[in-house]
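Structure at a glance
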Amino acid sequence: MSQFVPAGMAIESSLQQLNEKFRKRIVVNSIRLRWKEILGNLAEDILFVTAVGDKLVLYAQNSAAKDNFKFISKDVLDRANQFFGAELLKKIEFAKNFKKAQTSSNILSETIRREEFHFEDVELEDSEIAQCEEFVAEIKNPKIKKIALESLIQKKKSDKQKIQQGWRKCKICGVLCAPKQILCASCKITERNKMRSEIRKIFLTKPQIKHSEVLDKIKKKFAPIAQEISLQTVASEKNFLIRNLAAKIKFGDYFSNDAKQLVMLYRGLSKAELTDAIIKRALNELKFNLAEVFNAKADNK
């Protein structure tokens, strides 16, 4: 394999500070363009797919190439990292299917998939191109600078076309969303997780609260996803808490804090409303309803 000579020994601080998704796109594009230089003779048999976090994702055309690759894998990582002047990549993973890995990667952004957006039809104003040039002006490595500029122009064209097609900014992060969408896919997932966590927190703090009150609070707090929050959502999270607490309680335990918390949730009572009789009666009912959990604990006693 020929000696690898990097075009530049470091990513300048300005590149390090770029938007994370944009920076990853530059890393991916840089490796893709220099893959033959990085890998040498094996580049025809070992294909570069993408980079995810600190992981280099590859695809082997045949088992023999994959077997041979293991002897040079460390060198390949070193050569790829040498180009950037930083240890960005630490692991190597082989994809089972090249096509599937390409389309499912969260690193390849929508702006790279030209079959969906015809960028040649989008014209940028001189001022818009100047903004792109100014953004990458401090990058000294000419090859990285060229990749960064091309990627930035491509993204700006993509955003411009999307806006023309009715896309709008995510209410939380500002990333462009498909028409009629309020949140981007990433923020929607994050908000759903926060919403469910908040429901559980409310019930743990105030187990006697009514489901309808929780629903009102949650809808106000998570307005962008309010339409998908229902009483069933609230009940589901409360049941989740009940099942989790029941799994923690030892068979025959009637008076631990977990046992009391479980009864308060199950009965919808405050701590002041608890009595020994209520606790025992409720736990006996739960023992019947959650028989598998309690019986498993009794068998392991």
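Just so you know, these numbers come straight off a predicted model, no measurement behind them. Within any chain, residue numbers begin from 1 and follow the written order of that chain's sequence. In keeping with the model being predicted, local features are shown solely for residues with a pLDDT of at least 70 and side-chain atom pairs are shown and tallied solely at 80 or more, while totals for entire chains, interfaces and linings include all residues. Water and hydrogen atoms were dropped before computing side-chain values, which therefore reflect all heavy atoms in the structure.

**Some remarks on helix α10 (residues 211-221)**
Since one α-helical turn is 3.6 residues long, residues separated by three or four positions face the same way. As a reminder of what qualifies: Exposed residues in this analysis have more than 50% of their type's maximum accessible area, buried residues have under 20%, and partly exposed residues fall in between, with area computed by a 1.4 Å probe over protein chains only. Per the convention used, a helix needs a DSSP run of H or I reaching at least four residues, while a strand needs a run of E reaching at least two, with both numbered from the N terminus. Directions from the helix axis toward the C-beta atoms define the arc. Here a residue-residue contact requires only that any non-hydrogen atoms of the pair lie within 4.5 Å.
Of all the residues in α10, the buried ones are Val214, Leu215 and Ile218. Viewed end-on, α10 has its buried residues packed into an arc of 100 degrees, placing them on one side of the element. Buried residues in α10 make contact with α9 (185-205) and α11 (231-248).

**Some thoughts on the side chain of Glu191**
Locating Glu191 in the fold gives a position in helix α9. Relative accessible area serves as the criterion here: at 11%, Glu191 is assigned to the buried category. Those residues in contact with Glu191 that lie beyond four places of it in its chain are Ile172, Leu183, Phe222 and Ile225.

**As for the packing of α10 against α11**
Helix-helix packing is characterised by the crossing angle of the two axes and by the distance between the axes. Applicable threshold: Between N-to-C directions, angles cover 0 to 180 degrees, with each direction set by a line fitted to C-alpha atoms, over the stretch in contact for helices. Between 65 and 115 degrees an angle is taken as roughly perpendicular, under 35 as roughly parallel, over 145 as roughly antiparallel, and anywhere else as oblique.
It is the contact of α10 with α11, at a shortest axis distance of 9 Å, that shows an interaxial angle of 110 degrees. As far as their axial angle goes, α11 and α10 are roughly perpendicular. On α11, the residues touching His211, Ser212, Val214 and Leu215 of α10 are Leu231, Val234, Ala235 and Lys238.

**What about the pattern of salt bridges?**
Pairs can form between side chains of opposite charge once their charged atoms are near each other. The line we're drawing: Any carboxyl oxygen of Asp or Glu within 4 Å of a side-chain nitrogen of Lys or Arg constitutes a salt bridge here.
This model, assessed by the stated rule, comprises 10 salt bridges. Between Glu191 and Lys194 there is a salt bridge, with its nearest N and O atoms 3.8 Å apart. Of the two residues, Glu191 and Lys194 both sit in helix α9, 3 residues apart, roughly one turn of that helix. Using a relative accessible area of 47% as the deciding quantity, one classes Lys194 as partly exposed. Two residues, Glu198 and Lys221, come together in a salt bridge whose shortest N-O distance is 3.5 Å. You can see Glu198 sitting in helix α9 and its partner Lys221 sitting in helix α10, a full 23 residues away along the chain. Judged by its relative accessible area of 18%, Glu198 falls in the buried class. What you see here is one network of salt bridges that share partners, running through Arg196, Arg200 and Glu237.

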